[in-house]
Amino acid sequence: MRQIAGLGISTQRSTFITWHRRTGKPFHNFISWQDLRCAELVNSWNRSLLLKVIHVIFTVLHFFTRNDRYLAPSSFTFSTKQASLKLSWVFKNLHEAEEAAKENNCCFGTIDTWLLYRLTKGSVYATDYSNASSTGVFEPFTKCWNPTLSSLLSIPMSIYPPVRDTSFNFGSSDSEIFGVPIPILALVADQQAAMFGECCFHPGDVKLTMGTGAFWNVNTGESLFSSWRGLYPLIGWKIGDEVVYLTEGSFSNVGTAIKWAQEINLFTDVHETAKMARSIADSEGVCFLPGFQVSVHDPYSCASFMGLKPSTTRNHLVRAMLESVAFRNKQLYDLIVKRINIPLRTIRADGGVSNNSFILQMTSDLINKKIEKPVNADMSSLGAAFLAGLASGLWADKEQLKKLRQVEAVFEPQKDSEEYKLAMDTWTQAMQHALQHW
């Protein structure tokens, strides 16, 4: 343990816990980003007259000022992924948390904050900008917890932790835990950590993580682009005076759908799927419709297959599932190109599903861009290590980190995207048909 110079912590975003400031006792289990307990609240707020009034006010403000700060609230909708309405649910339903908050004794923290608090035996309470900006209750423009939204949702401002730089000496772990105190030198959200691990340091660099869900992140440098129907602004990292912003688009049900297919024995080994998909010319009109779509915020929508026939085989089902990932990648990429006026540079893929060569090749064909895949697909931990290493002085700057990058494969366009037009049109129509019935 004495050989460890420092510790960097990368954690899943938006999953959170609340606890008593004095006793350290949690009021509930972790509430994950996938949790649906606030689904009714989300639907209620998104249909509310108040939100419609907010949209109108900020649309008018944006029209007259052309200030991007007013663009996000003009089209803002709540989502079950964000911590905001789940926090509101906590204070509406958990009396203990509500009472503690009235006495300024309630702490809120995403997983990073909780780990930091526990590793330091309660002596350090903080988060970083990347995790804070992913909660939905932190304002990236002002870099502060959002008092207006908190007031609207009846969330006490006293519960939020102080926000520190991403690469920063947060203090040391208690010596009883590891035998020696270990400096904690970075806290970073998983997608931003993967971006840093991929060395996407320049405006226009793109990172595509495909794991449980898929996340497209674009480095927008010092420019903060406002939210736009499926694209969200985030703080990538803050190191000293440098603040790097990202724009993110995402969709769920990637790894989860593939895991489900394995559990019902469509295949035995996930590595077989690319070969199965290539063994047939097309999916024979079979479409896999995921439970979530870029423009749809219905937490109750569910996945399905369409176009099944007597001739449909396992290979057709598997190919349809893999194709749906590539099609959604294409949709998000097109949205990014349309909304972000920064020339896109490199595209780097990571995450467990990036090991599927069929998906990466088809995505490359559809977007007509080359995609790099690193040797190690688990980039979040590497990003946290890079950030901790910078804080400890192990590396002097980001230029040294670039030299450590190892690329395993480069996927270049091999087919014209027009060759996929019929299949993608069929899938798009199937999606539209399904959305009318969900």
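Conventions used here
- Residues numbered from 1 in each chain as written.
- Predicted model: local features only at pLDDT ≥ 70, side-chain atom pairs only at ≥ 80, totals over all residues.
- Heavy atoms only, no water.
- Helix = DSSP H or I, 4+ residues; strand = E, 2+ residues; numbered from the N terminus.
- Rg over C-alpha atoms; globule rule 2.2 N^0.38 Å.
- Buried < 20%, exposed > 50% of the residue type's maximum accessible area, 1.4 Å probe, protein only.
- Axes fitted to C-alpha atoms, helices over the stretch in contact; angles between N-to-C directions.
- Parallel < 35°, antiparallel > 145°, perpendicular 65-115°, else oblique.
- Contact = heavy atoms within 4.5 Å.
- Nonpolar A, V, L, I, M, F, W, Y, C, P; charged D, E, K, R; others polar.
- Pairing = 2+ DSSP bridges.

**Student:** Break down the overall build of the protein for me, citing the residues and quoting the values.
**Tutor:** Broken down by element type, the protein carries 17 helices and 17 strands. Taken over C-alpha atoms, the radius of gyration comes to 22 Å for the protein, in line with the 22 Å a tight globule of 438 residues would show. Based on the C-alpha atoms only, the size of the protein along its principal axes is roughly 65 × 55 × 45 Å. Sorting the 438 residues of the protein into buried and exposed places 54% on the buried side.

**Student:** Explain unusual backbone geometry to me, and be specific about the residues and the numbers.
**Tutor:** Positioned with a positive phi, Ser14 is a non-glycine residue whose angle comes to about 70°. Note that Ser14 resides in the loop between β1 (7-11) and β2 (16-20). Residue classification places Ser14 among the buried positions, given a relative accessible area of 6%. At Ser154, a position not held by glycine, the phi torsion is positive, near 60°.

**Student:** Give me the packing of helix α4 (residues 84-93) against helix α5 (residues 95-102): which residues, what numbers.
**Tutor:** The relative placement of two packed helices is expressed as an angle between their axes plus a distance between the axes. In the contact formed by α4 and α5, the axes pass within 5 Å of each other and the chain directions differ by 95°. Relative to α5, the element α4 lies roughly perpendicular. Along the contact surface, α4 presents Val90, Phe91 and Asn93, while α5 presents His95, Ala97, Glu98 and Ala101. Classifying every residue of the contact of α4 with α5 gives four nonpolar, two polar and one charged.

**Student:** Residue-level account of the pairing of strand β15 (residues 347-350), with values.
**Tutor:** Here β15 shows two buried faces, one formed by Ile347 and Ala349 and the other by Arg348 and Asp350. Of the strand pairs in this sheet, strand β9 (residues 206-210) and β15 are connected by four bridges, and their pairing is parallel. Residue pairing in the sheet places Thr209 in a bridge with Asp350 of β15.

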